[in-house]
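# A closer look at the structure
As a plain string of letters, each chain reads:
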Amino acid sequence: MKAIRFHEFGDAHILRYEEAPTPTIGPNDVLLQLKAAALNHLDVFARSGAREKNIPLPHIPGSDGSGVIAEVGSTVELVRRGDKVLISPGISCGNCPECLSKRDNLCRSYRVLGTKEDGTYAEYVRLPSANVVPIPEGLTFEEAAAIPLVFLTAWHMLVTLAKVHPGEIVLVHGAGSGVGSAGIQIAKLFGARVITTAGSNDKLVKAKALGADELINYQENDFAEEVKRITGKRGVDIVFEHIGGEVFRKSLTVVAKGGRLVTCGSTTDFNTNIDLRYIYSRHQTIYGSWMGSKNEMFDVMKFFSAEGDVARRRLRPVIDSVFPLAQAANAQLWMEERRNFGKIVLKIS
Ligand SMILES: [Zn+2]
């Protein structure tokens, strides 16, 4: 099969479009013929070797994807050849107390597809049968591939951990990122007022169209000062954080009394200084969040389903651009330069 692989760690230029062995499956697996894959920052972390060196080489990156079931293992009953599915990207043991209590993302062996196993930048991928979800009626393969990782992450952060409720004010950082574009929509779905940030006015126009109420251009203004102005110095109930470094530090200064900050990553710097006085004097809670459970994947998918009636969909995948699989290196550079608004998709066949 054709695949994108890297044989060493480095920048985007090490990605090779080449022939790779088609995976073989075990009794509990499915073989998915991929139609589309979507990019995540995790792909870059895997490729660069900066955060994770324990990756077998050569390696196929990619956590998000959609396609058609090509083969099923001998014990698989719930999916059949020909089913159109998207990938639920968290892989776990399936047997431990965490896995059996809808908290599989806390399993000791939990990992994201494409970080240890070969991923979705390929014509085929092997998956446990528990890791596929039917594509709702009316979604294209490209749209389906753009959903899983970011919507699962944003749902777990806002709904499960921070427990957003109507009338609360949520600061969503990075409207143009995949997870930011999902966070805005989920916060609005639950009746919150959304303040969001982006590095250009073009991106802010698109954020407004997704439902954001207040817009901050962080290149032109200090986001913390703007949040204080917008909220009359009160601050926000929830900060949706995935940038890290200075953004995390400053975010604590705008969390209102009793508010929460929830973080799922650090695309800039994973070190920062924290002024602990904010946390105790304002009764703040900080949640660390990584992916979400398979159960939550089913929860969030309900809002993409409208039995073909697109107007009734409550959430929608946001696609920035579609690249052919062979141009995955250009697609990753596009993301690394933060030129995207929403998801970058690879079209595979
Ligand atoms: Zn487990």
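Residues numbered from 1 in each chain as written. Predicted model: local features only at pLDDT ≥ 70, side-chain atom pairs only at ≥ 80, totals over all residues.

## Concerning the overall build of the protein
Along the backbone of the protein there are 10 helices and 17 strands. For the protein, the C-alpha radius of gyration of 20 Å lies close to 20 Å, the compact-globule estimate for 349 residues. Principal-axis analysis of the C-alpha atoms gives the protein an extent of 60 × 40 × 40 Å. Expressed as a percentage of its 349 residues, the buried residues of the protein come to 49%. Considering only residue pairs separated by 6 or more positions, the protein has 68% of its internal contacts joining residues 24 or more positions apart. (Helix = DSSP H or I, 4+ residues; strand = E, 2+ residues; numbered from the N terminus. Rg over C-alpha atoms; globule rule 2.2 N^0.38 Å. Buried ≥ 20, exposed ≤ 12 C-beta atoms within 10 Å, placed from the backbone. Contact = placed C-beta atoms within 7 Å.)

## Quick notes on helix H9 (residues 294–301)
Among the residues making up H9, those that are buried are Lys-294, Glu-296, Met-297, Val-300 and Met-301. Along H9, the residues classed as buried sweep out an arc of 155° about the axis, all on the same side. In this structure, the buried side of H9 is in contact with strand E6 (90–91), strand E9 (132–134) and helix H3 (148–161). (Arc of directions from axis to C-beta.)

## Focus: the sheet that holds strand E14 (residues 255–263)
Spatial strand order, E12-E11-E10-E13-E14-E15: 6 strands in an open sheet with parallel pairing. In this open sheet, the two edge strands, each paired with only one partner strand, are strand E12 (214–217) and strand E15 (285–288). Ignoring strand direction, the axes of neighbouring strands in this sheet form an average angle of 15°. As paired strands, strand E10 (residues 169–172) and strand E11 (residues 193–198) are joined by 4 bridges and run parallel to one another. The residue bridging Leu-171 from the neighbouring strand is Ile-195, located in E11. Sheet contacts for H3: strand E13 (236–241), E14 and E15; angle to E13, the most-contacted strand, approximately 155°. (Pairing = 2+ DSSP bridges. Axes fitted to C-alpha atoms, helices over the stretch in contact; angles between N-to-C directions.)

## Examining the environment of Val-44
Tracing the sequence through the fold places Val-44 in helix H1 (residues 41–48). Considered as a pair, Val-44 and Gly-178 are 134 residues apart in the sequence and their alpha carbons are 14 Å apart. With residues up to four places along the chain from it excluded, the contact list for Val-44 reads Gln-332 and Glu-336.

## What to know about the environment of Arg-260
Summarising the element assignment, Arg-260 is placed in strand E14. For Arg-260, a count of 23 C-beta atoms within 10 Å gives the class buried. With 149 residues separating them along the chain, Arg-260 and Arg-111 place their C-alpha atoms 26 Å apart. Excluding residues that lie within four positions of it along the chain, Arg-260 makes contacts with Ala-162, Ile-238, Thr-285 and Tyr-287.

## Brief notes about unusual backbone geometry
The peptide bond linking Leu-57 to Pro-58 adopts the cis configuration, its omega dihedral lying at -5°. Along the chain, Pro-58 falls in the loop between H1 and strand E4 (64–72). In this structure, Arg-338 takes a positive phi of about 55° despite not being glycine. Of note, Arg-338 is situated in the loop between helix H10 (328–336) and strand E17 (343–347). Taking the C-beta count within 10 Å as the criterion, Arg-338 has 15 such neighbours and is therefore assigned partly exposed.

## Considering the domain arrangement of the protein
The domain architecture assigned to the protein consists of domain 1 (2–147 + 317–347) and domain 2 (151–288). Between the C-alpha centres of domain 1 and domain 2 there is a distance of 28 Å. Between domain 1 and domain 2, the residue contacts involve 9 residues of the former and 10 residues of the latter. Residues of the side of domain 1 that touches domain 2, tallied by class, amount to 3 nonpolar, 4 polar and 2 charged. (Domains from an automatic or database assignment. Nonpolar A, V, L, I, M, F, W, Y, C, P; charged D, E, K, R; others polar.)

## Describing H3
Here H3 is 14 residues long and its end C-alpha atoms lie 18 Å apart, about the 20 Å a rise of 1.5 Å per residue gives. Its maximal kink placed at Trp-155, H3 deviates by approximately 25°. Most of H3 is tucked away, with 12 of its 14 residues classed as buried. Here the buried face of H3 lies against E4, strand E5 (84–87), helix H4 (178–189), E13, E14 and H9. With its phi angle positive at about 50°, Lys-163 sits one or two positions after the end of H3. (Expected span 1.5 Å × (residues − 1). Bend = angle between axes of the 7 residues up to and from the residue.)

## A few points about the pairing of E14
Sheet analysis places E13 next to E14, joined by 5 bridges and oriented parallel. By the bridge assignment for E14, Phe-240 is matched with Val-262. At this point the chain moves from E13, through helix H7 (residues 245–252), to the parallel E14, and the crossover so formed is right-handed. Two elements, E14 and E15, share 4 bridges in a ladder whose sense is parallel. Considered in E15, the bridge of Val-262 is made with Tyr-287. Handedness of the β-α-β unit built from E14, helix H8 (residues 276–281) and E15 comes out right-handed. (Right-handed = clockwise from strand over helix to strand, strands pointing away.)

## A look at the nonpolar core
Considering soluble globular proteins, one finds that nonpolar side chains tend to be buried as a cluster. In terms of nonpolar packing, the biggest core is built from 95 residues, with Leu-158, Val-170 and Val-236 touching the most fellow members. Considering each element in turn, this core owes the most residues, 8 residues, to H3. Not counting residues within four places of it along the chain, the set of residues in contact with Val-170 comprises Val-164, Ala-187, Ala-192, Val-194, Val-236, Asp-237, Ile-238 and Phe-240. (Core = buried A, V, L, I, M, F, W, Y, C linked by C-beta atoms within 7 Å.)

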